[in-house]
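As a plain string of letters, each chain reads:
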Amino acid sequence: MADTKGKGLEGVVAAQTRISDVDGRQGKLLYAGYDIADLAAHASFEETVHLLHHLELPTAAQLEETVATLRAESGLDEPLVGLIGTLAERTGPMTTLRTAVSAAAALDPDDEESAAANLRRAYRLIAKTPQIVATYQRLRTGADAVEPREDLGMAANFLYALTGKEPDPEVARDFDVVLVLYADHTLNASTFAGRVAAATLADMYAAATAAVATLQGPLHGGAIEGVRQMLEEIGSPDRARDWVRARLAAKQKVMGFGHRVYKTWDPRATVLRDIAERLGRRFGDTRWFDISVRVQEAVMEAKTLYPNVDFYTASVYSALGLPPDLYNPLFAAARMAGWTAH
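Nothing here was measured: the structure is a model prediction, and the numbers come from that model.

Enquirer: Explain the overall build of the protein to me, using residue names and the numbers behind them.
Expert: Across its full length, the protein carries 16 helices and three strands. Here the protein has a C-alpha radius of gyration of 20 Å; the compact-globule value for 342 residues is 20 Å, and the two agree. Reported as C-alpha extents along the three principal axes, the dimensions of the protein are approximately 60 × 55 × 40 Å. Each of the 342 residues in the protein was classed as buried or not, and the buried ones make up 50%. A separation threshold of at least 6 residues defines the contact pool for the protein, and within that pool the share at least 24 residues apart is 73%. As displayed, the protein has an accessible area near 15,800 Å², and 50% of this comes from carbon and sulfur atoms.

Enquirer: Let's hear about the environment of Ala319: which residues, and what values?
Expert: When you line up the elements, Ala319 lands in helix α15 (residues 309-319). When its relative accessible area of 15% is taken as the criterion, Ala319 is described as buried. Distance in space between the C-alpha atoms of Ala319 and Ala41 is 21 Å, their sequence separation being 278 residues. Discounting residues that sit within four places of it in the chain, Ala319 has contacts with Leu279, Gly280, Phe283 and Trp288.

Enquirer: Go over empty space enclosed by the protein, please, and point to the residues and values.
Expert: By rolling a water-sized probe across the atoms, one finds the places where empty space is left. Using the criterion set out here, one finds three cavities of 30 Å³ or more in the structure. Empty space within the largest cavity amounts to approximately 90 Å³. Around the largest cavity sit Leu70, Arg71, Ser74, Ala127, Pro130, Gln131, Pro148, Leu152, Gly153, Met154, Asn157 and Phe158, which together line it. Residue assignment for the lining of the largest cavity shows that the elements contributing at least two residues are α3 (60-73), α6 (115-140) and α7 (154-163). Looking at the lining of the largest cavity residue by residue, the classes come out as seven nonpolar, four polar and one charged. Considering the residues around the second largest cavity, the lining is formed by Gly75, Leu76, Val81, Gln131, Thr135, Ala145, Val146, Glu147 and Pro148.

Enquirer: Which residues make up the pairing of strand β2 (residues 28-31), and what values go with them?
Expert: Of the two faces of β2, only one is covered, namely that formed by Leu29 and Tyr31; the face formed by Lys28 and Leu30 stays uncovered. Bridging between strand β1 (residues 20-23) and β2 involves four bridges; their strand directions are antiparallel. Across the sheet, the residue bridging to Asp21 is Leu30, located in β2. Hairpin connection of β1 to β2: four residues between the antiparallel strands, including Gly27 at a positive phi of 70°.

Enquirer: Can you break down the packing of helix α13 (residues 267-282) against helix α14 (residues 287-302) residue by residue, with the values?
Expert: Their axes nearest at 9 Å, the elements α13 and α14 cross at an angle of 145°. Here Arg273, Ala276 and Glu277 of α13 come into contact with α14, specifically with Phe289, Val293 and Gln296. In the contact of α13 with α14, the residues fall into three nonpolar, one polar and two charged.

Enquirer: Any chance you could break down helix α4 (residues 78-88) for me, citing the residues and the numbers?
Expert: Of the positions making up α4, those classed as buried are Leu80, Val81, Ile84, Gly85, Leu87 and Ala88. In a view along the axis of α4, the buried residues occupy a sector of 165°, so they form one face of it. In this structure, α4 carries Glu78 and Pro79 as exposed residues pointing more than 90 degrees from its buried face.

Conventions adopted
- Residues numbered from 1 in each chain as written.
- Predicted model: local features only at pLDDT ≥ 70, side-chain atom pairs only at ≥ 80, totals over all residues.
- Heavy atoms only, no water.
- Helix = DSSP H or I, 4+ residues; strand = E, 2+ residues; numbered from the N terminus.
- Rg over C-alpha atoms; globule rule 2.2 N^0.38 Å.
- Buried < 20%, exposed > 50% of the residue type's maximum accessible area, 1.4 Å probe, protein only.
- Contact = heavy atoms within 4.5 Å.
- Areas by Shrake-Rupley, 256 points an atom, 1.4 Å probe, with all protein chains shown as cover.
- 1 Å grid on protein atoms, 1.4 Å probe; cavity = no way out; pocket = protein on both sides within 12 Å on 5 of 7 lines; lining within 4 Å.
- Points joined across faces, edges and corners; volume = space filled by probe spheres on them.
- Nonpolar A, V, L, I, M, F, W, Y, C, P; charged D, E, K, R; others polar.
- Pairing = 2+ DSSP bridges.
- Axes fitted to C-alpha atoms, helices over the stretch in contact; angles between N-to-C directions.
- Arc of directions from axis to C-beta.

None of this, on its own, says anything about what the molecule does.
Structure, rendered in structure tokens:
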């Protein structure tokens, strides 16, 4: 009998969920029935958080409550800041994030196990994760941690906590869209790991830690940083075509192309391409975007491969001046919304 096993969970019904759905042939990603392109155009990350956890978009009053809750929960307790500072002297950002998410359980004020308590924990994790990433970056560079502001949304607060400067509202909105695009993607490896942990009745923090630990593996996370390394190696747009041809001739992978599910454009990649171009122009450096476009053209001329979500994200983060080793933690900062919803 022929071996008909697929890779991973291909062809296996492992869960039922209304949280999100992927149609790879049509190039569609839906959050609770809403097309990701519509959410990217019209919804904030806070609205998306509510959608993923309640399976409906919030009313104005519900959104106000969600925003207020996330702002109130975004600050880090002093013991956690101290732990992040200690780890920042010794290890990388994903190890620090994994450890900090686990340690945050000891500081959680809820002592009950209920749906309501878990929703509160979910919002705490969503609010604190980007602050952990920003605090790590501040402390490892010798700067002081920056407290989040009550008048800024989550995307703007991350950029503020990272730099100590209030971000341009349009830049903050572009980063907000990136968070929306990365918030969930059904049963990927980290979400599956988190669901397995939760299925054992492990607590919310344990499940989130399992998800972060799985994302840390280079076969799941790390693709965005890999694209950035590729762009650095190419160096300039005029070298892109020859570089791609040589790479493909050697039967080597070009980072940021192809997807296990999508058989056409990843719907997130089209939005990110526009953001990458816009941010490059805003900051007066389109080099990363220009190289990316040339790489895309060369790959698509040679093979039937389409950019995935990670390809243009590297140009977005490069335009924002973010250190490459923060790219994977920022994936976690957005995906915490989906992990906790699952």
